[in-house]
Amino acid sequence: MKYGIRKPNLKKSIAARTSVKRFIRHNLGIKAPRGYGWLTNPKKAAYNRIYNRTSISLFKLLKSIFK
């Protein structure tokens, strides 16, 4: 598990925004409402909740410093 600052990965960021799965889901409207991750994949939802609370994005940190 990652603690502290997450280092950004430009390659993964672009891949997530241009993936075929994302394109199909958004065009067909096959999306679960926010918070339904616990129903679809509880193990992944628990991991993501802990990960997002114990680490901080570099961009969020820079934004708070220069605000």
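Residues numbered from 1 in each chain as written. Predicted model: local features only at pLDDT ≥ 70, side-chain atom pairs only at ≥ 80, totals over all residues. Heavy atoms only, no water.

## Topic: a nonpolar patch on the surface
Part 1 of the argument: Nonpolar side chains collect at one region of the surface, where Val20, Phe23, Ile24, Leu28 and Ile30 lie side by side and expose about 550 Å² of accessible area between them.
Part 2 of the argument: In this fold, Leu28 is placed in helix α2 (residues 20–28). (Patch = residues over 30% accessible without salt bridge, like charges linked within 9 Å, V, L, I, M, F, W, Y side chains within 5 Å. Areas by Shrake-Rupley, 256 points an atom, 1.4 Å probe, with all protein chains shown as cover. Salt bridge = Lys/Arg side-chain N within 4 Å of Asp/Glu carboxyl O. Helix = DSSP H or I, 4+ residues; strand = E, 2+ residues; numbered from the N terminus.)

## Comments concerning the packing of aromatic side chains
Part 1 of the argument: For the structure shown, the criterion picks out one aromatic pair.
Part 2 of the argument: Ring geometry for Tyr47 and Tyr51: centres 6.1 Å apart, planes at 10 degrees, overall stacked. Of this pair, Tyr47 and Tyr51 both sit in helix α4 (residues 42–54), separated by four residues, roughly a single helical turn.
Part 3 of the argument: Taking the relative accessible area as the measure of exposure, Tyr51 reaches 22% and is therefore partly exposed. (Phe/Tyr/Trp six-rings, centres within 6.5 Å; stacked < 30°, edge-to-face > 60°. Buried < 20%, exposed > 50% of the residue type's maximum accessible area, 1.4 Å probe, protein only.)

## Some remarks on the environment of Lys60
Part 1 of the argument: For Lys60, the location among the structural elements is in helix α5 (residues 58–65).
Part 2 of the argument: Among the residues examined, Lys60 registers a relative accessible area of 60% and is labelled exposed.

## Section: the layout of surface pockets
Part 1 of the argument: Roughly 1000 Å³ of internal volume is contained in the largest pocket.
Part 2 of the argument: Lining the largest pocket are 19 residues; nearest its centre among them are Arg25, Gly37, Thr40, Lys44 and Asn48.
Part 3 of the argument: Contributing elements (two or more residues each) for the lining of the largest pocket: α2, α3 (37–40) and α4.
Part 4 of the argument: For the lining of the largest pocket, the leading source of residues is α4, giving five residues.
Part 5 of the argument: Partitioned by chemical class, the residues of the lining of the largest pocket number six nonpolar, seven polar and six charged.
Part 6 of the argument: In this structure, the second largest pocket encloses a volume near 270 Å³.
Part 7 of the argument: Looking at the second largest pocket, the residues that line it are Arg6, Lys7, Pro8, Asn9, Leu10, Lys12, Ser13, Ser57, Leu58 and Phe59.
Part 8 of the argument: Secondary-structure elements contributing two or more residues to the lining of the second largest pocket are α1 (10–17) and α5.
Part 9 of the argument: Here the element with the most residues in the lining of the second largest pocket is α1; it accounts for three residues.
Part 10 of the argument: A class-by-class count of the residues in the lining of the second largest pocket yields four nonpolar, three polar and three charged. (1 Å grid on protein atoms, 1.4 Å probe; cavity = no way out; pocket = protein on both sides within 12 Å on 5 of 7 lines; lining within 4 Å. Points joined across faces, edges and corners; volume = space filled by probe spheres on them. Nonpolar A, V, L, I, M, F, W, Y, C, P; charged D, E, K, R; others polar.)

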